[in-house]
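Chain residues, written in single-letter form:
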Amino acid sequence: MKVVCTVEARMRSSRLPGKVLKPAVGKPMLELMIERLKRARTVDAIVVATTDNPSDQPIEDLARELGVGCFRGSEADVLDRVLKAARQAAADVVVETTGDCPLISPEVVDKVVETFLMNKVDYCSNLVERTFPRGMDVEVFWFRRLEEIAQLATDPTDREHVSTYFHKHRERYSLLNVASTLPPGAADIRLTIDTQDDLEMVSSIFESLYLRNPEFDLEDVLNLVADNPSLTAINSHVEHKAVFSQASL
């Protein structure tokens, strides 16, 4: 059984164009994210799902440089893009992530994948009920189910956001949520990049932690934030878009 992590990324994101290649500690955010995903024990392969727009050539170049897969497809039909990226990588199980989550935790990825594999469900994530900080978003489902919803989904929203069809049709699909044991306030922390203020906050975290230990974990991030309330103040006012983790990609 092959577990493939897809990373949705494009240069023309609506609120902060080019965010996935913005630098921190001398590296593009997408590279930092892929470094972290490579530490996930449960993931067999990583493929970047970008678009066929010429502006996304630098994303493909970076993916090749980092030794991970890359698929280029529709900019608007993200569902089709992720499906074809996963098919190219011969996935049995798809771990869906988005390139605006450079602080993603390998341990959280493993927890969601392991929970999925231990239960007879169609879909598992830590998003059905949010208890993790934004930026730790992980969704896992069978590739065969992704093929199925790609045939069934006609609503443009379902084509743009990949997993919404699962959530809209719980009479058809079994969904499972992975909850954290973190304090309730952790779910309100923004560790994702959607705006300039998010970028400043996430960059500050990397600058504080990465040079001392490139393999820092979520606990290290939360301890840093707890000791430095000014960090969360940078982007606490930012309102997240409503539709799951894929809204801005």
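Look up: the structure comes first, before these words.
Rules behind the numbers
Residues numbered from 1 in each chain as written. Predicted model: local features only at pLDDT ≥ 70, side-chain atom pairs only at ≥ 80, totals over all residues. Heavy atoms only, no water. Pairing = 2+ DSSP bridges. Helix = DSSP H or I, 4+ residues; strand = E, 2+ residues; numbered from the N terminus. Axes fitted to C-alpha atoms, helices over the stretch in contact; angles between N-to-C directions. Contact = heavy atoms within 4.5 Å. Salt bridge = Lys/Arg side-chain N within 4 Å of Asp/Glu carboxyl O. Buried < 20%, exposed > 50% of the residue type's maximum accessible area, 1.4 Å probe, protein only.

Student: Please explain the sheet that holds strand β5 (residues 69–73) as it appears in this structure.
Tutor: Within a beta sheet, neighbouring strands are joined by backbone hydrogen bonds and run either parallel or antiparallel to one another. Taken together, seven strands build an open sheet; the order of strands is β5-β4-β1-β6-β8-β7-β9 and the sheet is mixed. Each edge of the sheet is formed by a strand with only one pairing partner; in this case those strands are β5 and β9 (175–177). The average undirected angle you get between the axes of adjacent strands in this sheet is 25°. Examined bridge by bridge, strand β4 (residues 45–51) and β5 share five bridges and lie parallel to one another. Bridge pairing links Thr-51 to Gly-73 in β5. Contacts from helix α1 (residues 29–37) reach β1 (3–8), β4 and β6 (93–98), with the element oriented near 165° to β1. Strands in contact with helix α5 (residues 143–152) are β6 and β8 (139–142); relative to β8, the strand with the most contacts, it is inclined by about 85°.

Student: I would appreciate a short explanation of the pattern of salt bridges in the present structure.
Tutor: Side-chain pairs of opposite charge can arise whenever the charged atoms involved come near each other. Per the counting criterion, the structure on display carries 20 salt bridges. Linking Lys-19 and Asp-100 is a salt bridge whose minimum nitrogen-to-oxygen distance equals 3.5 Å. One end of the pair, Lys-19, is in the loop between β1 and β2 (23–24); the other, Asp-100, is in the loop between β6 and α4 (106–118), with 81 residues separating them in the sequence. On the basis of relative accessibility, which here comes to 1%, the residue Lys-19 falls in the buried class. Close ionic contact of Asp-155 with Lys-168 constitutes a salt bridge, the shortest N to O distance being 3.6 Å. Of this pair, Asp-155 sits in the loop between α5 and α6 (156–161) while Lys-168 is found in helix α7 (residues 164–168), placing the two residues 13 residues apart along the sequence. When salt bridges with common partners are traced through the structure, they connect Arg-15, Lys-19, Asp-100 and Asp-194 into a single cluster.

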